[in-house]
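Structural overview for review
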Amino acid sequence: MEVIGDEDMYAKDGTLDCRNNPANKKKTGAWKTCPFILAYYGMSSNLLLYYTSQLNQHSATASRNLSNWLGTCYILPLVGAFLADAYLGRYWTIASFSVIYVLGMTLLALSASVPGLRPTCYKKDECYATDSQTAVFSVALYLVALGSGGMKPCVSSYGADQFDDADEVEKGHKSSFFNWLYFSTNIGVLIDCSIPVLIQVNIGWGWRYGVSAMAMAIAVVFFFSGARVYRYQKSGGNPLTRLCQVLVASLRKYRVEVPGDESILYEAADVEATIVGSRKLDHTNQFRFLDKAAVEKESDHSRGSVNPWRLCTVTQVEELKWIIRLLPVLATGIIFNTVFGQMSNLFLLQAEYMDTRLGLSNFKIPVASLAIFNPISVIFWVPIYDRFIIPVTRKFTGHKNGLTQLQRIGTGLFISVFGMISAGVLEMFRLGIVRRQNSYKVMEAPISVFWQVPQHVIVGCAEVFTNIGQLEFFYEQAPDSMRSLYAALSLTTTALGNYLSSLLVAIVMAISTRNGRPGWIPDNLNYGHLHYFFLLLAVLSVLNLGVFIVVAKRYSYNKQ
């Protein structure tokens, strides 16, 4: 792969080494590159209302389709991460998939505006879509998912790569980078939930998606304009092949005894690791069966060279061990992301049955704009965390970041429980009003939608602790050559959380609709029990928190 930049900036292992070139260090990397990267992380789309009002789907079906699409958006990062770490590098992966993203957004705009492609509407928000029209819309959506998947695991890692670990000042700023990355992401969401939604309400869906497509195209151009000041890292080869080699080699040597002296295990003779772009990893005593792959035998050599499917370095073995150690932490993020996903899903469905008027005026806030509560909450909490919570907790813990990464994640898991309790209590209160007034067929209960603010603020606060904590945790705990892959693994918890949400909706509807009952989440929520679903998520969150505490106590931080 050809790497853009000055070759003098790279060490023998392919990693950026600014210490070899102080002049380049001053010109590239650190905070000066962040405006280009942060501004690039941008526009999202609220699709629930399009599914229900334009494609004429039932509430539960629309919720499942949205969850499945969001899940796909967060599974596909595994593809982007693999290409970035193995072949393209993070810069070219972002560049390539951003084009796919823009194409998907453009097709999305066309499918909502061009006659023949857009659904047929008899009046506002009462439409019918043919199978072919739904198919075109779905193709556009999944192109966006593919483009998003290629970029997501690389943007956070690429941004963090701009801070040199060998420079204590830059290394200290890396934690703040993750906070402000998430802050800028939610600025983009805030814009997308306001301006394009107002365009949608007053002009139409086609213009709504068209504006988002144009904004994304501008963000891509802005990203490319920062190419001269970025720091780059060469790709380290196929990580999946290396992991498979360790498994195969250890299984081949299942009868071989692992020596008590770890210095006997096979490792590269040079100071640097044999893996391009990665430092050596220290040997650990967990999962010692895998160490068999690094036990050297005469049969491991063929014609003067090492057979990589028979003998692996300690660093290569540790790469696999690090992933295995991370899996329990990864699993505890699934329930949290099921909770987090409700802000763009069932929270909005709940809002449709509330009074959306602004104060005493007759102006009604578009339901799609109510997703604005989430980014506002995050934008509120990030500066508080970065400028207040970190310095205060640092005085008590002595940790440079206030809380360790696992403590930060656990705090968010704890807070998220109260977000679901708040949503459940609000729904119980809303249904109480409906029953007292016998207004089951009236869409808007006389209760202001602003009563949803507490649940958004609580979940937003949990998000700042857990999601940003996960970003930093998976970056810091990753070998140099696998950082995109680890970022993708952290994103898979969002995918699995959305798939779990879809599965839970399907299960509770299958059970709760027996004997002709409307179920927990019917087309008319006034006949349902949405609060049961929120409280179910609260109970699952408590159980998940307990599991996380056990996992966190047993976890040993990786060191390079």
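Here the structure is a predicted model, which is why all the values come from computation and not from measurement. (Residues numbered from 1 in each chain as written. Predicted model: local features only at pLDDT ≥ 70, side-chain atom pairs only at ≥ 80, totals over all residues. Heavy atoms only, no water.)

Considerations on the overall build of the protein chain
- Check the secondary structure of the protein chain and you find 18 helices and 4 strands.
- A burial count over the protein chain gives 57% of its 560 residues as buried.
- Counting only contacts in the protein chain whose residues sit at least 6 apart along the sequence, the fraction spanning at least 24 positions is 81%.
- Here the protein chain has roughly 23900 Å² of accessible surface; of this, 63% comes from carbon and sulfur atoms. (Helix = DSSP H or I, 4+ residues; strand = E, 2+ residues; numbered from the N terminus. Buried < 20%, exposed > 50% of the residue type's maximum accessible area, 1.4 Å probe, protein only. Contact = heavy atoms within 4.5 Å. Areas by Shrake-Rupley, 256 points an atom, 1.4 Å probe, with all protein chains shown as cover.)

Digging into the state of the cysteines
- Scanning the entire structure with this criterion turns up 1 disulfide.
- Between Cys121 and Cys127 runs a disulfide, and the two sulfur atoms are separated by 2.0 Å. Between Cys121 and Cys127 the sulfur-sulfur dihedral comes to about 95 degrees; the bridge is accordingly right-handed.
- Among the residues examined, Cys127 registers a relative accessible area of 5% and is labelled buried. (Disulfide = S-S within 2.5 Å.)

Observations regarding the environment of Lys280
- In this fold, Lys280 is placed in the loop between α10 (239–252) and β3 (301–302).
- When the C-alpha atoms of Lys280 and Glu319 are compared, they prove to be 10.0 Å apart, with 39 residues separating the residues in sequence.

Some points on the confidence of the model for the protein chain
- Here the protein chain shows a mean pLDDT of 80. Residues at 70 or above account for 87%.
- Put simply, helix α2 (residues 34–40) is where the protein chain has its lowest mean pLDDT, 43, and helix α18 (residues 530–554) is where it has its highest, 94.
- Here residues 29–45 is a poorly scored stretch, pLDDT under 50, and it has 71 contacts once near neighbours within four places are set aside; other chains count. (pLDDT = per-residue confidence, 0-100.)

Quick look at the pattern of salt bridges
- Tallied over the entire structure, the rule returns 10 salt bridges.
- With a closest N to O distance of 3.9 Å, Asp291 and Arg288 form a salt bridge.
- Residue Arg288 is classed as partly exposed on the basis of its relative accessible area of 32%.
- With a shortest N-O distance of 3.0 Å, Glu427 and Arg430 are connected by a salt bridge. On the criterion of helical spacing, the pair formed by Glu427 and Arg430 is a turn pair, its members being 3 residues apart in helix α15 (residues 405–437). Of the two residues, Glu427 and Arg430, neither departs from the other in class, the shared state being buried.
- Where salt bridges share partners, they join Arg288, Asp291, Glu318, Lys321 and Arg325 into one cluster. (Salt bridge = Lys/Arg side-chain N within 4 Å of Asp/Glu carboxyl O.)

Topic: helix α16 (residues 453–476)
- Counted at 1.5 Å a residue, the expected span for α16 with its 24 residues is 34 Å, and the 34 Å between its end C-alpha atoms agrees.
- Of all the bends in α16, the greatest measures close to 30 degrees and is centred on Glu463.
- For α16, a buried count of 19 out of 24 residues is recorded, marking the element as mostly surrounded by other parts of the structure. (Expected span 1.5 Å × (residues − 1). Bend = angle between axes of the 7 residues up to and from the residue.)

Focus on a nonpolar patch on the surface
- Taken together, the side chains of Phe414, Phe418, Ile421, Val425, Met428 and Leu535 present a nonpolar region at the surface, about 510 Å² in accessible area.
- Looking at where Phe414 falls in the secondary structure, it is placed in helix α15. (Patch = residues over 30% accessible without salt bridge, like charges linked within 9 Å, V, L, I, M, F, W, Y side chains within 5 Å.)

Some thoughts on helix α17 (residues 483–512)
- Look at α17: 44 Å from first C-alpha to last across 30 residues, which is about the 44 Å you get at 1.5 Å a residue.
- The buried fraction of α17 amounts to 22 of the 30 residues, a majority that puts the element mostly inside the structure.

Details of unusual backbone geometry
- Even without being glycine, Phe287 reaches a positive phi, approximately 50 degrees.
- Its place among the elements puts Phe287 in the loop between α10 and β3.

With respect to the side chain of Ser512
- Take Ser512: it is sitting in helix α17.
- A relative accessible area of 9% places Ser512 in the buried class.
- Among the polar contacts listed, one links the side chain of Ser512 to the backbone oxygen of Val508, at a separation of 2.5 Å.
- Only 3.1 Å separates the side chain of Ser512 from the backbone nitrogen of Trp520, close enough to count as a polar contact.
- Beyond its immediate stretch of four places on either side in the chain, Ser512 contacts Arg517, Gly519 and Trp520. (Polar contact = N/O pair within 3.5 Å; in protein donor to acceptor, adjacent residues only side chain to side chain.)

Focus on the environment of Phe82
- Relative to the helices and strands, Phe82 resides in helix α5 (residues 77–111).
- Counting along the chain gives 406 residues from Phe82 to Ala488, while the straight-line C-alpha distance between them is 8.9 Å.
- For Phe82, the residues in contact, after removing those within four places along its chain, are Tyr87, Asn238, Pro239 and Leu240.

Some points on the packing of helix α4 (residues 59–75) against helix α6 (residues 131–161)
- At a closest axis distance of 7 Å, the pairing of α4 and α6 adopts a crossing angle of 35 degrees. Between α4 and α6 the crossing geometry is right-handed. Residues Asn68, Trp69, Thr72, Cys73 and Tyr74 of α4 form the contact with α6, whose participating residues are Leu141, Tyr142, Val144, Ala145, Ser148, Gly149 and Lys152.
- Looking at the contact of α4 with α6 residue by residue, the class counts come to 7 nonpolar, 4 polar and 1 charged. (Axes fitted to C-alpha atoms, helices over the stretch in contact; angles between N-to-C directions. Left-handed = near helix turned anticlockwise from the far one by under 90°. Nonpolar A, V, L, I, M, F, W, Y, C, P; charged D, E, K, R; others polar.)

A word on the packing of aromatic side chains
- On inspection of all chains with the given rule, the structure shows 20 aromatic pairs.
- Aromatic ring contacts, followed pair by pair, group Tyr50, Tyr51, Phe137, Trp205 and Tyr209 into a single cluster. (Phe/Tyr/Trp six-rings, centres within 6.5 Å; stacked < 30°, edge-to-face > 60°.)

Observations concerning the side chain of Thr93
- Looking at the element boundaries, Thr93 is found in helix α5.
- The class for Thr93 is buried, based on a relative accessible area of 0%.
- Among the polar contacts listed, one links the side chain of Thr93 to the backbone oxygen of Gly89, at a separation of 2.7 Å.
- Look past the residues within four positions of Thr93 in its chain and what remains in contact with it is Gly80, Leu83, Ala84, Leu88, Gly150 and Cys154.

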